[in-house]
Amino acid sequence: IHRDAHAGNMVMAEDGPIGFLHFEISVLGIRLYDICYFLTSQWIGNYTSDEGIQSWLNLVNTFKQGYEEICSLSLGERTSVFYVMCAIQMIFIAYWQDQKKHDLVKTNLDALLALLQTREKIDLAFDVGKLETKNI
């Protein structure tokens, strides 16, 4: 996994795929981490308004559809998206606390609390309820 998948580390081609920069912190890990890290990096700039949340949910749907054109997510991965995103937010809260950046601790804590309130929409975007019903 890349471990730092955000817009600043992506290169976009006009008519083709994206590429990533800066692989110095890459490790073996769950492939879901990069998906959730990217979505979380976009969440932090959008969670404070209804319009921002809707814009982010549109991005989630587009991103998921594009990803699934190449490689489908399993039910376990889909179900885990919300939890991995929360874990990433908690990592940032701990990191900023360690750095004594209390304003960023508060921002990331607020983002985590807003994320918790958005769970149903995240699960819906990843078809969690639909897939669980089909498997029952």
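Attention here is on the structure that accompanies the text. (Residues numbered from 1 in each chain as written. Predicted model: local features only at pLDDT ≥ 70, side-chain atom pairs only at ≥ 80, totals over all residues. Heavy atoms only, no water.)

A word on the packing of helix α1 (residues 32-43) against helix α2 (residues 50-70). α2 packs onto α1 with a crossing angle of 160° between their chain directions and a minimal axis gap of 10 Å. The orientation of α1 with respect to α2, classified from their angle, is roughly antiparallel. Crossing angle aside, the handedness with which α1 passes α2 is right-handed. Facing I35, F38, L39, Q42 and W43 of α1, the residues of α2 in contact are I53, W56, L59, V60, F63 and Y67. For the contact of α1 with α2, the class distribution of residues is 10 nonpolar, 1 polar and no charged. (Axes fitted to C-alpha atoms, helices over the stretch in contact; angles between N-to-C directions. Helix = DSSP H or I, 4+ residues; strand = E, 2+ residues; numbered from the N terminus. Parallel < 35°, antiparallel > 145°, perpendicular 65-115°, else oblique. Left-handed = near helix turned anticlockwise from the far one by under 90°. Contact = heavy atoms within 4.5 Å. Nonpolar A, V, L, I, M, F, W, Y, C, P; charged D, E, K, R; others polar.)

Moving on: unusual backbone geometry. One non-glycine residue, K100, adopts positive backbone phi at about 60°. Topologically, K100 is positioned in the loop between α3 (75-98) and α4 (102-117). Since its relative accessible area comes to 63%, K100 is described here as exposed. Of note in the backbone geometry, D127 takes a positive phi value of approximately 55° without being a glycine. (Buried < 20%, exposed > 50% of the residue type's maximum accessible area, 1.4 Å probe, protein only.)

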